[in-house]
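Architecture at a glance
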Protein chains: 2
Amino acid sequence: MALETRLSDATIRRLSMYLRTLESAHQQRIRTVSSQYIAAENKITAAQVRKDLSYFGAFGRRGLGYNVLTLMTSISKLLGLNRTWNVALIGVGNIGRALVAYEGFRNRGFNIKLLIDNDPDKIGTKVNGLTIQSPKDAELFYKEFEIAITIISVPAHSAQAAADLAVQAGCRAILNFAPVTLQVPQNVFVRQENMAYEIESLSFFLTNKKM
Amino acid sequence: MALETRLSDATIRRLSMYLRTLESAHQQRIRTVSSQYIAAENKITAAQVRKDLSYFGAFGRRGLGYNVLTLMTSISKLLGLNRTWNVALIGVGNIGRALVAYEGFRNRGFNIKLLIDNDPDKIGTKVNGLTIQSPKDAELFYKEFEIAITIISVPAHSAQAAADLAVQAGCRAILNFAPVTLQVPQNVFVRQENMAYEIESLSFFLTNKKM
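No experiment lies behind these values; they were computed from the predicted model shown.

1. A look at the interface of chain B and chain A
- Every contact between the two is made by 57 residues of chain B and, on the other side, 56 residues of chain A.
- Taking the shortest distance from any N to any O, the salt bridge between Glu198 of chain A and Arg13 of chain B comes out at 3.0 Å.
- For the pair chain B and chain A, the number of links is 16 residue pairs in polar contact (both at pLDDT 80 or more).
- By residue number, the principal contributor to the side of chain B that touches chain A is helix 10 (residues 196-208) of chain B, which donates 13 residues.
- The residue makeup of the side of chain B that touches chain A, split by class, is 33 nonpolar, 12 polar and 12 charged.

Next up, the structure:
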């Protein structure tokens, strides 16, 4: 069975978390870390860490731990973070503007190169040095900028149209901030970002935990 | 064992997802749904759905499925979404402004009531009808507005100071958008929001999937 079919979404998410832990350890000049160390930093079990890392070979040696630099490099490569990706953003409202300025994308090699909005008052104006383009020119600009990933940050009622536009322009990966399930062809990957999920786990804790 | 100690973070997150599925079904006037239906909508297995829902009693009856309204109400209540929560936001930059305007919080009963920033040029100005307050008045305003949850949307180097401020003001739940691990007392809950995680799973798919 190929690697990618064995890794669950939850595992991929944890690999992103482990990568932060390793980078932080590397900055502190730590050379090797144990599964217990990674586990404690991420508030999960060491068994889970060992299981996740076993998917892509034997990086750790019992009693010696994982080499920080080797593991960092391997996870980066697996996640496709050892290169840059050109990104289009459709919907330059509040969240769109925040995302254009978000360091957390650029730091990882996700470069927003193309902004699209259907508001005539916005088209032609600039945000962070990028000119907002009309949806009707999308296909042209997707090709010119070799866009690999589309971020959708339009209101819910416009999200499907935005997804159709991205797919039409040849894009196969969509990060959707609109609170709606998108219908896309099978060969297109969609990730749903929902900023309410994390705050709901806080209200769960406040409601149920007695401390 | 108490309910809350049996539910993992991943389960709580899935309950938030199921709630969306049930609400969408309810809007379409669907009265009962199967575990297969919930599973397909969220791209996970029906066994996982049944396991998650088994945690809080037998809502489903074999062959009949789950009553949409009953399950919706139960999950809402468990997640603490059958009431409102007053929220403070520290750091009124790009992301902060986007969050103040974010419908996804208000719709769920999370009401941002207090804005705090340490920039003298921002203090006293208004965003979405709310006056930005100085950190030195935080404790007073936390009490006046009965703040339950703090959103931290400051740069990484200021995040720990923001968390200390919230804890000092008596807040026990923090949603952190800054890319840094916060140190807080054991009775304070912290959730880390990282918008890069989802986009990294897209680059993983683009890198590894052959379609």
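2. Quick word on the packing of helix 2 (residues 9-27) of chain B against helix 3 (residues 35-42) of chain B
Residues and elements named next belong to chain B.
- Look at helix 2 against helix 3: their axes get within 10 Å of each other, and the N-to-C directions meet at 110°. Taken together, the axis directions place helix 2 and helix 3 in an arrangement best described as roughly perpendicular. Across the interface between the two elements, Met17, Tyr18, Thr21, Leu22 and Ala25 of helix 2 pack against Tyr37, Ile38, Glu41 and Asn42 of helix 3.
- For the contact of helix 2 with helix 3, the residue count by class is 6 nonpolar, 2 polar and 1 charged.

3. A look at helix 4 (residues 46-54) of chain B
Residue and element names in this part refer to chain B.
- Along helix 4, the residues that are buried comprise Ala46, Val49, Asp52 and Leu53. Considered in projection along helix 4, the buried side chains sweep an arc of 125° and stay on one side of the axis.
- Contacts from the buried residues of helix 4 go to helix 2, helix 3, strand 3 (65-67) and helix 5 (68-78).

4. Remarks on the packing of aromatic side chains
- Taken as a whole and assessed by the stated rule, the structure comprises 8 aromatic pairs over all chains.
- Each ring, one from Phe189 of chain A and one from Phe205 of chain B, has its centre 5.1 Å from the other, and the planes form 20°; the classification is stacked. Pair noted here: Phe189 of chain A is in strand 10 (residues 189-192) and Phe205 of chain B is in helix 10, and the two residues belong to different chains. Residue Phe189 of chain A shares its accessibility class with Phe205 of chain B, and that shared class is buried.
- In this structure, Arg83 of chain A packs its charged tip against the face of Trp85 of chain A, placed 3.5 Å from the ring centre.

5. Quick word on the relation of the copies chain B and chain A
- Each copy of the sequence occupies a distinct position, and chain B is placed on chain A by a rotation of 180° and an axial shift of 0.0 Å, giving an RMSD of 0.0 Å. Taken together, these values place the two copies in the relation of a two-fold axis. Considering only C-alpha atoms, the residue of chain B closest to the rotation axis is Ala98 of chain B, which sits at 3.2 Å.
- In this assembly the copies share their binding face: 98% of the residues contributing to the interface of chain B also contribute to that of chain A.

6. Some thoughts on unusual backbone geometry
- Not every positive phi belongs to a glycine, and Glu146 of chain A is a case in point at roughly 45°.
- By the secondary structure assignment, Glu146 of chain A is in the loop between helix 8 (138-144) and strand 8 (149-152).
- With phi around 50°, Asn128 of chain B is a residue other than glycine that occupies positive phi space.

7. A closer look at the sheet that holds strand 9 (residues 173-176) of chain B
Residues and elements named next belong to chain B.
- Read from one edge to the other, the open sheet built from 7 strands follows the order 6-7-5-4-8-9-10, with strand pairing classed as mixed. At either margin of the open sheet sits one strand with a lone partner, and together these are strand 6 (126-127) and strand 10 (189-192).
- Taken together, the 2 bridges between strand 5 (residues 110-116) and strand 7 (residues 130-133) define a ladder with parallel strand orientation. Looking at the pairing, Leu115 lines up with Ile132 of strand 7.

8. A word on the pairing of strand 10 of chain A
All names here are of chain A.
- Burial of the side chains of strand 10 is restricted to one face: Phe189 and Arg191 are buried, whereas none of Val190 and Gln192 on the reverse face is.
- Across 4 bridges, strand 9 (residues 173-176) lies against strand 10 in parallel orientation. When the sheet's bridge partners are listed, Leu175 is paired in strand 10 with Arg191.

9. Some words on the pattern of salt bridges
- A complete count under the given rule lists 23 salt bridges over all chains for this structure.
- The closest approach of N and O atoms between Arg14 of chain A and Asp52 of chain A, which form a salt bridge, is 2.6 Å. Of this pair, Arg14 of chain A sits in helix 2 (residues 9-27) while Asp52 of chain A sits in helix 4 (residues 46-54); the two residues are 38 residues apart in sequence, bridging distant segments of the chain. Per residue, the accessibility class of Arg14 of chain A equals that of Asp52 of chain A, and both read buried.
- What you see here is one network of salt bridges that share partners, running through Asp9, Arg13, Arg191 and Glu198 of chain A together with Asp9, Arg13, Arg191 and Glu198 of chain B.

10. Side note on the environment of Asp137 of chain B
Residues and elements named next belong to chain B.
- Locating Asp137 in the fold gives a position in the loop between strand 7 and helix 8 (138-144).
- A relative accessible area of 27% means that Asp137 is categorised as partly exposed.
- The spacing of Asp137 and Ala169 is 32 residues in sequence and 9.7 Å in space, taken between C-alpha atoms.

11. Observations regarding the pairing of strand 9 of chain A
- Residues Ala173 and Leu175 of chain A point to one face of strand 9 of chain A and Ile174 and Asn176 of chain A to the other, with burial holding for every one of them.
- As a crossover connection, the stretch from strand 8 of chain A through helix 9 (residues 156-168) of chain A into strand 9 of chain A is right-handed.

12. So, the sheet that holds strand 4 (residues 85-90) of chain A
Residues and elements named next belong to chain A.
- Read across the sheet, 7 strands follow the order 6-7-5-4-8-9-10 without closing on themselves; strand pairing throughout is mixed. Edge strands, defined here as strands with exactly one partner in the open sheet, are strand 6 (126-127) and strand 10.
- Taken together, the 6 bridges between strand 4 and strand 5 (residues 110-116) define a ladder with parallel strand orientation. Residue pairing for strand 5: Ile90 is matched across the bridge by Ile116.

Criteria and cut-off values
- Residues numbered from 1 in each chain as written.
- Chains lettered and ligands numbered in written order.
- Predicted model: local features only at pLDDT ≥ 70, side-chain atom pairs only at ≥ 80, totals over all residues.
- Heavy atoms only, no water.
- Contact = heavy atoms within 4.5 Å.
- Salt bridge = Lys/Arg side-chain N within 4 Å of Asp/Glu carboxyl O.
- Polar contact = N/O pair within 3.5 Å; in protein donor to acceptor, adjacent residues only side chain to side chain.
- Helix = DSSP H or I, 4+ residues; strand = E, 2+ residues; numbered from the N terminus.
- Nonpolar A, V, L, I, M, F, W, Y, C, P; charged D, E, K, R; others polar.
- Axes fitted to C-alpha atoms, helices over the stretch in contact; angles between N-to-C directions.
- Parallel < 35°, antiparallel > 145°, perpendicular 65-115°, else oblique.
- Buried < 20%, exposed > 50% of the residue type's maximum accessible area, 1.4 Å probe, protein only.
- Arc of directions from axis to C-beta.
- Phe/Tyr/Trp six-rings, centres within 6.5 Å; stacked < 30°, edge-to-face > 60°.
- Lys NZ or Arg CZ within 6 Å of the ring centre and 35° of its normal.
- Least-squares fit on C-alpha atoms with pLDDT ≥ 70 in both.
- Pairing = 2+ DSSP bridges.
- Right-handed = clockwise from strand over helix to strand, strands pointing away.

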